[in-house]
Amino acid sequence: MGQIQLTDLTKRFGDTVAVDDLSLDIADEEFLVLVGPSGCGKSTTLRMLAGLETATSGDIYIGGDHMNYRVPQNRDIAMVFQDYALYPHMTVRQNIRFGLEEEEGYTSAERDERVVEVAETLGIAELLDRKPDELSGGQQQRVALGRAIVRDPEVFLMDEPLSNLDAKLRAEMRTELQNLQDQLAVTTVYVTHNQTEAMTMADRIAVMDDGELQQVASPFECYHEPNNLFVAEFIGEPMINLVRGTRSETTFVGEHFSYPLDEGVMEAVGDREDLVLGIRPEDIEVVDAATDDTAADAALGDHELRMDVTVVEPHGDQNVLHLSHPDQPSADDALQAVTEGMHLVTRGDRVTVTIPPDKIHVFDAETGTAVHNRRHDQEADLTQLEQ
Ligand code: ATP
């Protein structure tokens, strides 16, 4: 069984705490993505799991067995690296077969058979007699995967395996890896700094920052129910809008706008005063430019504000709008909104922007902790995502 348990795992390099008291349970057959910015401790965690790095303290269990003192070969894991690590002088067949080198109990003919079987699974059977320099990046990555799969390990450890590929190939390989994971049902720990990979591939995401685990949850939960400002900012593209302000009675007061907080939010906020208001760009509603500015100003509702469109980024199916407060083009509480591609707004328009009260997040400005997350009906939201 490939379940993994990390308890109070810490790794220090001199004064640097690369991984800080990490506890994490990964289920058998789960696809867990470790994500976070450069230097947050992802690779070190993976390398400790692999046995390439010794833990300073804490314990590692795979399939219930204590791993801390086992050499990598005895951990029943296979690792796939960013740079493929193929042997240039060997053919694809020999490279994949190399994965079986340490394995016992195979005859030579069985090894050959197994290599062909794996190559067929990965769609590279016709490349078996080529050398790595005769392959494209995507094909090389498949060979590296083949070398890992061939051993039929309990756990796959993957360190940024797709980052050397171009965007189109990366998207294709993401789908392939997911299919492979469904087919092989092997516990996988996958390291990336790319939040799109994390969101699209993971059963659960473990978000790390500065050696510390910030949240471990499904992509849906990390996105809609972030534990804190770090997770809210790291997950989501374009990034969540965050506005700093203070509470005055039941109103959030930012530098350029005020926003009434409803009863439910106020209960969560309690007597906190310094707050950060968060709203995802796609949750902002943008109403077409009104011709009569004064009338539009006068008709503004509680959760509405007037803003100027400073930049329109068309993405085909959608537009990303950069919005600033009137006459404040460089204020740092400018917002970004995502609108449908057919919704035509142009640079220089003044628009009415609605921040729906059921879509806001509120964070404690001092600790960064989320005190209120947007309401959502998970089933309805999932149906919408699937459409
Ligand atoms: P990246 O995405 O850039 O690979 P990462 O999240 O994988 O980053 P790690 O490589 O785990 O981060 O590094 C975590 C911290 O530990 C960093 O501050 C790094 O400089 C430090 N570190 C990693 N390996 C060593 C080492 N062998 N000696 C000293 N410090 C190290």
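About the thresholds
Residues numbered from 1 in each chain as written. Predicted model: local features only at pLDDT ≥ 70, side-chain atom pairs only at ≥ 80, totals over all residues. Heavy atoms only, no water. UniProt positions renumbered as here; feature names shortened; annotations may be inferred. Helix = DSSP H or I, 4+ residues; strand = E, 2+ residues; numbered from the N terminus. Expected span 1.5 Å × (residues − 1). Contact = heavy atoms within 4.5 Å. Axes fitted to C-alpha atoms, helices over the stretch in contact; angles between N-to-C directions. Parallel < 35°, antiparallel > 145°, perpendicular 65-115°, else oblique. Left-handed = near helix turned anticlockwise from the far one by under 90°. Nonpolar A, V, L, I, M, F, W, Y, C, P; charged D, E, K, R; others polar. Phe/Tyr/Trp six-rings, centres within 6.5 Å; stacked < 30°, edge-to-face > 60°. Buried < 20%, exposed > 50% of the residue type's maximum accessible area, 1.4 Å probe, protein only.

Looking at an unreviewed UniProt entry, one finds the protein chain named ABC-type D-xylose/L-arabinose transporter, with Haloferax marisrubri as its source organism. Under the UniProt heading Subcellular location (unreviewed entry), the note attached to the protein chain is "Cell membrane". Here the protein chain is described in UniProt, under the heading Sequence similarities (unreviewed entry), as follows: "Belongs to the ABC transporter superfamily. Carbohydrate uptake transporter-1 (CUT1) (TC 3.A.1.1) family."

S.K.: Mind showing me how you'd approach helix α5 (residues 167-184) here?
M.R.: Each turn of an α-helix holds 3.6 residues, which means side chains three or four residues apart point in the same direction. For α5, built from 18 residues, the straight-helix expectation of 26 Å at 1.5 Å per residue is met to within 8% by its first-to-last C-alpha distance of 25 Å. Those residues of α5 that are buried lie in contact with β3 (31-35), α3 (108-121), α4 (137-149), β7 (155-159), β8 (187-192) and α6 (195-201). Positive backbone phi, at 50°, marks Ala185, one or two positions downstream of α5.

S.K.: Quick question: what am I supposed to make of the packing of α4 against α5 here?
M.R.: Relative placement of two packed helices is described by the angle separating their axes and the distance separating the axes. Interaxial distance between α4 and α5 falls to 11 Å at its minimum, and their mutual angle equals 20°. Taken together, the axis directions place α4 and α5 in an arrangement best described as roughly parallel. The handedness of the crossing between α4 and α5 comes out as right-handed. The segment α4 lies against α5, with Gly138, Gln141, Arg142, Leu145 and Ile149 engaging Leu169, Met173, Glu176, Leu177, Leu180 and Leu184. Considering only residue class, the contact of α4 with α5 consists of seven nonpolar, two polar and two charged.

S.K.: I keep staring at the packing of aromatic side chains and nothing clicks. Help me out?
M.R.: The description of two aromatic rings rests on the distance between their centres and on the angle between their planes. Counted under the stated rule, the structure contains four aromatic pairs. On the numbers, 5.7 Å between centres and 40° between planes, the contact of Phe31 with Tyr190 is tilted. In this pair, Phe31 sits in strand β3 while Tyr190 sits in strand β8, placing the two residues 159 residues apart along the sequence. Residue class for Phe31 comes out buried when judged on its relative accessible area of 3%.

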